[in-house]
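# Chain and residue survey
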Amino acid sequence: MRASEVSRAVAAARSVASSLGLTADDAIVLQDSNKLTLRLLPCDVVARVAAVAPVAQQVAQFEVELAQRLVESGCPVAALDPRVEPGVHERDGFLVTLWTYYEPGSSREISPVEYAKALERLHAGMRELDFPAPHFMDRVEHAQRLVASHDLTPELADADRELLDDTLRSLRRVIGERGGAEQLLHGEPHPGNVLSTENGLLFIDLETCCRGPVEFDLAHAPDEVGEHYSGVSPDLLRECRALVLAIIATWRWELGDQLPDGRRLGAEWLDQIRALRFSAG
C-alpha cells in the first residue's frame, strides 16, 4: 500500500472495529503489500485493509465466503473473528475484513515436512468443496496482456518484454498439453501466507484461490516442500515454478504496482528467468 495511504487505512480499520463494538485504540502493522494487515489492540483482532477499486468488493467477499466454508470443513486456514458478523466493511475509501488473531507458535521456523503436510490437508479439504473460482491459466492470460501492452508496462525494456512473452507463451502451451487432475487451490501459498501458530500451520490470504494442478500451489512454496508432498509430478512442478516466476516478474512492471521495492524484485526475477532458460539450453 502506498505510504501516503497507510495512516488513513489504519484509521479506517480502527473506525470499523469500533463501530462493531471492538475497542481499537492502537494498531500494529503486521504486513504491508498490496493490502495492509493490522493487529488492532486491545481487542486483538486482525484487520485486512485494501483500497476500494474495481472488483475489490467482489474479491473480498469471495475470500470471506471461502474462509467460512474451509473452516467448517476443518481446513488449516485462519478464521474470521467470531465476535462480529462475517462481511466486508467499507470506510473512507477502504475495504476492511476482520480476522482472528493467533498467537505465534513456540518455533517460527517451519519445517518442509510440516509445510507439505499442512498443504496436503488444505488441498484434501478443498477437493471436497464445490466453490466457483477462476482457473490458474486466467492469471497467465492477464500476465500476457500486461506484457503485450506498453501502456500497462511502460518501464519494461523491449528485451525483457520479449523474454517474458516467450516464457509465458511456451510454458502455457507445455503445461496445458500435460493435462492431469485439477482442483481448488490456495493460489499463492508462499511462506508469507503461512502462519506458524499454537494451533499449527494456518494459511491466510484466500483471495487468490483458483483451480489448477496442486503443482501450481507447490511452485509458490520453498523447493524442499515439494520433496515431501506425495504424488507430485517433478516435471510439472519444475514448469509451474518457472511459470510462477514469469507471472510475478510481470506483475512488478505493471503501472501502479504497489508492492514495496517491486521494481528491484522484478529485475531480480527477470535475471532468474534468464538463468533458467540459459541452463535449459
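Please read all numbers here as calculations on a predicted model, not as lab measurements.

### Some remarks on the overall build of the chain
Within the chain, the secondary structure is distributed over nine helices and nine strands. Over its C-alpha atoms the chain spans a radius of gyration of 19 Å, differing by no more than 12% from the 19 Å that the globule rule assigns to 281 residues. Each of the three principal axes of the chain carries a C-alpha extent, and together these read 60 × 45 × 35 Å. Sorting the 281 residues of the chain into buried and exposed places 49% on the buried side. Residue pairs in contact within the chain that sit at least 24 positions apart in sequence constitute 68% of those at least 6 positions apart. Looking at the chain as shown, the accessible area adds up to about 13,400 Å², and 51% of this sits on carbon and sulfur atoms. Computing the positive centroid from 28 side-chain charges and the negative centroid from 45, the chain places the two 1 Å apart.

### Topic: the pairing of strand β2 (residues 36-42)
With respect to burial, β2 is a largely interior element, five of its seven residues being buried. Relative to β2, strand β1 (residues 24-32) runs antiparallel, the two being bridged by seven bridges. Within the sheet, the bridge partner assigned to D32 lies in β2 and is L36. Where β2 meets strand β3 (residues 45-51), five bridges bridge the pair, whose relative direction is antiparallel. The residue of β3 that forms the bridge with L38 is A47. Connecting β2 to the antiparallel partner β3 that follows it, the hairpin turn spans two residues, and D44 within it adopts a positive phi of roughly 60°.

### Section: the environment of E215
Summarising the element assignment, E215 is placed in helix α6 (residues 214-218). As for E215 and L237, which are separated by 22 residues in sequence, their C-alpha atoms are 4.9 Å apart. When sequence neighbours within four positions are dropped, the list of residues in contact with E215 reads G231, V232, S233, L236, L237 and C240.

Cut-offs used in this document
Sequence positions are assigned chain by chain, starting from 1 and proceeding in written order. Where local features are concerned, this predicted model is filtered to residues with pLDDT of at least 70; where side-chain atom pairs are given and counted, the filter is 80 or more; whole-chain, interface and lining totals use all residues. To get the side-chain values, all heavy atoms of the structure are used, and hydrogens and water are removed first. Only DSSP runs of H or I covering at least 4 residues are called helices, and only runs of E covering at least 2 are called strands; the numbering of each starts at the N terminus. The globule rule is 2.2 Å times the number of residues to the power 0.38, and the radius of gyration it is compared with is taken over C-alpha atoms. For every residue, the accessible area obtained with a 1.4 Å probe (protein chains only) is divided by the maximum for its type, and the residue is called buried under 20%, exposed over 50%, and partly exposed between those limits. Two residues qualify as a contact provided that any one of their heavy atoms is within 4.5 Å of a heavy atom in the partner residue. Each accessible area is a Shrake-Rupley result for a 1.4 Å probe, and residues are judged covered by the shown protein chains and nothing else. Counted as positive: Lys and Arg. Counted as negative: Asp and Glu, with His and the chain ends omitted from the count. Where a charge lies is defined by one atom per residue type, namely NZ (Lys), CZ (Arg), CG (Asp) and CD (Glu). DSSP-based pairing: two strands are paired if at least 2 bridges between them are found.

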